[in-house]
Amino acid sequence: MTTPALAPSPAPANDRSPLAERIVDTLIHRIGKDERAARKHDWLEATILTLRDEIIDKWMASTRAAHAAQAKRVYYLSLEFLIGRLLRDALSNLGRNNEVGRALASLGIDLVEIEEIEPDAALGNGGLGRLAACFMESLATLDLPAYGYGIRYVNGMFRQRLDDGWQVELPENWLSHGNPWEFERRESAYFIGFGGEVTGNDTGIVHWKPAEAIEAIAYDTPVVGWRGKRVNTLRLWSARAFDPIHLDAFNAGDHIGALAGQARAESLVRVLYPNDSNASGQELRLRQEYFFSSASIQDIVRRHVQYFGDVRTLADKAAIQLNDTHPAVSVAELMRLLIDQHDLGFDEAWEVTRKTFGYTNHTLLPEALESWPLPLFERLLPRHMQLVYAINAKVLRQARKAPGVDDAAISAISLIDEGGERRVRMANLAFVGSHSVNGVAALHTDLMKQTVFADLHRLYPDRINNKTNGITPRRWLMECNPRLTALIRDAIGPEFCDNTALIKGLESFADDSSFQERLAEVKRSNKVALAKYIKDSMGLRLDPDALFDVQIKRIHEYKRQLLNIIETVALYDQIRSHPERDWTPRVKLFAGKAASSYHNAKLIIKLANDVARRINGDPLVGGLLKVVFIPNYNVSLAERIIPAADLSEQISTAGMEASGTGNMKFALNGALTIGTLDGANIEIKDRVGDDNIFIFGLDADEVAAKRANGYAPREVIEGSRELSQAVNAIASGVFSPDDPQRYKGLVDGLYGGDWFMVAADFDAYAAAQRRVDARWADQPAWRASAVRNVANVGWFSSDRTISEYARDIWGVM
Ligand code: 26V
């Protein structure tokens, strides 16, 4: 299918700005199209390439400056970077939005229209990947020389379609039009070996002869900081079959075999693994982890030796942060390079390694902690297996000498899990191989010390520290919510753009009724815009004066979308029984993807859609309640939805959400939170004040106690009229008359255990929702709370988070 060429009504050539001329020149000479033939994608590409030319100069200046200063560099290793679209981000950070908009307008092109056809770079699952993207932007903003290292997945996060309310996963080919942001670095290629054997000689020199070789090729994307102060590099690895093997087979006439090598290499970078369905034991995942770790560590060591000569000083000039355990094999890889290629002794190599790495933990869920079957690890990485054993021996020998370390502690500390099939524990490897181990919110860090890392923490009491997550205010306020940004600027001046903490100054406007009204106008405009998007894309009409109640995030049982849906059903029931009451008109908005193999999560999506169909089609509730599941949640959709939200749902089972970062984005955009005492919600509450947030339910200690002391969900369900009616309605097929048994499994899960405490928290949640209604009925009070939210969450800027990492972990500030 061909899209029709745009028919621009261009300004006469002599009225065009030099910038407009440059864009046209790019179009002609680099894309090979003239103005008449150009389609939207061509204009997008021409605009990006023109801008990129300017960015390159800053990029090179940044690199030169770091080199001249002999600066220590930060390396952020992450299997996920959920960066989304880049054009608006780059324009905004360079302060070129208006100028480029005008230049394009003079060519008959609408900047916003072309911004919206840029594909989302969705190289991540959710919070962990988006955090990595926010961190990259803040590193550049704070003028810290830094590189992000990851994988250039050919297919990132899948595209979600809803077929009759069921999630269907489709491949998202974000590279189908090429990627004008990136530079292929053919010269930066590394040999990555797998399998084979390790031989040693009597001098102790070890030789690993891999059975298979793949080449890692670098692709660099510039990351522009605020005001274009600094441009850093996001280096993503792609894979290519190693040429000699390729050629041997080809010359021998084995054309298929030669291509198979290439296909095998490409398979390494084809898919992003879901982070929320159990991927353990999957060989391809371990291959991905080693592939990108090895390429990155080789690159870092090469750069260090080239600049500073001596690999022994690596820790003085490089700080490597492991984003969760996905790159943890880097610890063994650096040891291998130091010992086998740079001739360091084991102890000396260990010293350099530990000083160089830091490790961030992002989840305590036991099923999420990575471990690899020992036979698989040994077959794929025989040399690394030896090193893991040697590290383990050293750690356990030391541990034995510490007071109070018994056999149970030894087996908890060991890098090898001996209970059942033997496995390599990546979290323990990352822990012992790093000088710093951090959690991502205060509660999460405390729980790390008490649970998964209790024994390691006793042995290394100074290692665990907290770094509460943050979000970049550029993307999550200034770019996604220009109306609110302008309002804040009018009230307190523009300085907050350079120092997010200054938004605090807004607090003095909280009770100013004219400011409140202007805030409400901003929110309403954003809601109108979202309603238009939903009308255009889904055909559903929403009332912008209703309360927009939003839960958008990965679909997971611990995040408890089910709690929200059951409460929606209960509310529906109430409205039908008492239509005469003064109900708050509400729109319940949901969006999110489920891992394709996660049965219950997919069923929850279907339930939300079944409930939506029934409620939206019921004339009795009329304008009072609407339910929407917006398909294909991604970064760009979040940027549309968050500025339009009144209420932010952060309702995970306490103790299970490490931090959350959506919670911060909503509060910064003037939504009030309904939430549990979990993750960063606690710290948000501490800052916005108890009166400006709706906290409910069990806390983490109470959840643990309930689980330990025997929790009987059946009694709880039967003891709550509202809950039992809603659950019965779902169980009996009220929302699924075509298949009344559809939700039997979900409901049985509640009666038979309810691990996520949906029933235990239901009444408290429903009561909190009625407090929300009461506050909404008092609009001045609601608006005052909204102002206090915006004013007090500047602290959750990722600039603050990165400053803390820089000072406490990396030693670069
Ligand atoms: C992984 C798995 C894998 C096995 C099945 C269950 C499961 C559930 C969750 C995960 C998440 C892995 C790590 C992750 O994405 N953590 C998120 O990191 C964010 C940034 O720190 C944080 O805000 C989120 O609370 C945390 O879930």
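See the structure printed just above.
About the cut-offs
- Residues numbered from 1 in each chain as written.
- Predicted model: local features only at pLDDT ≥ 70, side-chain atom pairs only at ≥ 80, totals over all residues.
- Heavy atoms only, no water.
- Helix = DSSP H or I, 4+ residues; strand = E, 2+ residues; numbered from the N terminus.
- Rg over C-alpha atoms; globule rule 2.2 N^0.38 Å.
- Contact = heavy atoms within 4.5 Å.
- Areas by Shrake-Rupley, 256 points an atom, 1.4 Å probe, with all protein chains shown as cover.
- Lys, Arg positive; Asp, Glu negative; His and termini not counted.
- Charge placed at Lys NZ, Arg CZ, Asp CG, Glu CD.
- Pairing = 2+ DSSP bridges.
- Buried < 20%, exposed > 50% of the residue type's maximum accessible area, 1.4 Å probe, protein only.
- Near = heavy atom within 4 Å.
- Polar contact = N/O pair within 3.5 Å; in protein donor to acceptor, adjacent residues only side chain to side chain.
- Nonpolar A, V, L, I, M, F, W, Y, C, P; charged D, E, K, R; others polar.
- Phe/Tyr/Trp six-rings, centres within 6.5 Å; stacked < 30°, edge-to-face > 60°.
- Lys NZ or Arg CZ within 6 Å of the ring centre and 35° of its normal.
- Axes fitted to C-alpha atoms, helices over the stretch in contact; angles between N-to-C directions.
- Salt bridge = Lys/Arg side-chain N within 4 Å of Asp/Glu carboxyl O.
- Expected span 1.5 Å × (residues − 1).

K.L.:
Would you mind going over the overall build of the chain with me for this structure?
P.N.:
Counting its regular elements, the chain contains 33 helices and 24 strands. Against the compact-globule benchmark of 28 Å for 813 residues, the chain has a radius of gyration of 27 Å, which places it among compact chains. C-alpha atoms of the chain, sized along the principal axes, occupy 90 × 80 × 55 Å. Taking the contacts inside the chain whose residues are at least 6 apart along the sequence as the reference set, 77% of them involve residues at least 24 apart. Accessible area of the chain: about 30,800 Å², with a carbon and sulfur share of 51%. Between the centroid of the 95 positive side chains of the chain and the centroid of its 107 negative side chains there is a distance of 1 Å.

K.L.:
Can you help me understand the sheet that holds strand 15 (residues 416–417) in this one?
P.N.:
Either a parallel or an antiparallel arrangement is found when strands of a sheet pair, and the pairing is made through backbone hydrogen bonds. Taken together, three strands build an open sheet; the order of strands is 14-16-15 and the sheet is antiparallel. The open sheet has two edge strands with one neighbour each: strand 14 (371–373) and strand 15. As paired strands, strand 14 and strand 16 (residues 423–425) are joined by three bridges and run antiparallel to one another. In the strand pairing of strand 16, Trp372 is matched with Val424.

K.L.:
Hey, could you run me through the pairing of strand 17 (residues 436–439) in this one?
P.N.:
Side-chain positions along a regular strand alternate between the two faces of the sheet. In strand 17, alternate side chains face the same way, and those of Ser436 and Asn438 on one face and Val437 and Gly439 on the other are all buried. The pairing of strand 13 (residues 357–360) with strand 17 spans three bridges and is classified as parallel. Counterpart to Tyr359 in the pairing with strand 17 is Val437. For strand 17 and strand 18 (residues 464–466), the ladder comprises three bridges, and the chain directions are parallel. In the strand pairing of strand 18, Gly439 is matched with Asn466.

K.L.:
Is there a simple way to explain the site of the ligand in this structure?
P.N.:
By nearness alone, 20 residues border the ligand, and Asn275, His362, Asn469, Glu657 and Gly660 come closest of all. At a separation of 2.8 Å, an oxygen atom of the ligand approaches a polar side-chain atom of Asn469. Tyr558 places a side-chain nitrogen or oxygen 3.3 Å from an oxygen atom of the ligand. Taking 590 Å² as the accessible area of the ligand by itself, protein coverage stands at 92%. In terms of residue class, the shell around the ligand is made up of seven nonpolar, nine polar and four charged.

K.L.:
Just to check I follow, could you spell out the packing of aromatic side chains for this structure?
P.N.:
Geometry of an aromatic ring pair is reported as the spacing of the ring centres plus the angle between the planes. Evaluation of the coordinates by the stated rule reveals 21 aromatic pairs. On the basis of an interplanar angle of 90 degrees and a centroid distance of 6.3 Å, the ring pair of Tyr359 and Phe453 is categorised as edge-to-face. Of this pair, Tyr359 sits in strand 13 while Phe453 sits in the loop between helix 17 (442–450) and helix 18 (454–459), and the two are 94 residues apart along the sequence. Three or more aromatic residues link up through ring pairs in this structure, and these residues are Tyr75, Tyr147, Tyr149, Tyr190 and Trp237. If you follow Arg287 out to its NZ or CZ, it ends over the ring of Phe194, 4.8 Å from the centre. Cation over ring: Arg303 sits above Tyr147, and NZ or CZ is 4.1 Å from the ring centre.

K.L.:
So what exactly am I meant to see when it comes to the pairing of strand 12 (residues 318–323) here?
P.N.:
Buried residues dominate strand 12, accounting for six of its six residues. With four bridges joining them, strand 12 and strand 13 adopt parallel strand pairing. Bridging from a neighbouring strand, Asn323 pairs with Thr360 of strand 13.

K.L.:
Please clarify how the sheet that holds strand 23 (residues 672–675) should be interpreted in this entry.
P.N.:
Reading across from one edge, 21-20-19-22-23-24 is the order of the six strands in this open sheet, with parallel pairing throughout. A single partner strand is all that each edge strand has here, and the edge strands are strand 21 (625–629) and strand 24 (694–695). Looking at chain direction, strand 19 (residues 547–552) and strand 22 (residues 647–650) are connected through two bridges and run parallel. When the bridges of strand 22 are listed, Val550 appears paired with Ser648. On the sheet, helix 22 (residues 561–577) packs against strand 19, strand 20 (586–591), strand 21 and strand 22 and is oriented at approximately 155 degrees with respect to strand 20.

K.L.:
In this structure, what is going on with the pattern of salt bridges? I would like to understand it.
P.N.:
A side chain with one charge can pair with a side chain of the opposite charge if their charged atoms come near. Following the criterion strictly, the structure yields 74 salt bridges and no others. Among the salt bridges present, the one from Asp498 reaches Arg227, with a minimum N-O distance of 2.8 Å. Pair noted here: Asp498 is in the loop between helix 20 (482–492) and helix 21 (513–538) and Arg227 is in the loop between strand 10 (212–224) and strand 11 (231–241), with a separation of 271 residues, a long-range link. With relative accessibility at 44%, the residue Asp498 sits in the partly exposed group. Salt-bridge contacts for Arg458 lead to Asp455; the nearest nitrogen and oxygen are separated by 3.0 Å. Placement of both Arg458 and Asp455 in helix 18 is noted, with a separation of three residues, approximately one turn of the helix. Note on Asp455: relative accessible area 22%, which makes it partly exposed.

K.L.:
How do you make sense of helix 22 when you look at a structure like this?
P.N.:
For an α-helix the count is 3.6 residues per turn, leaving residues at separations of three or four pointing the same way. With 17 residues, helix 22 should cover 24 Å at 1.5 Å per step; its first-to-last C-alpha distance of 24 Å lies within 8% of that length. The element helix 22 is largely enclosed, with a buried count of 13 among its 17 residues.

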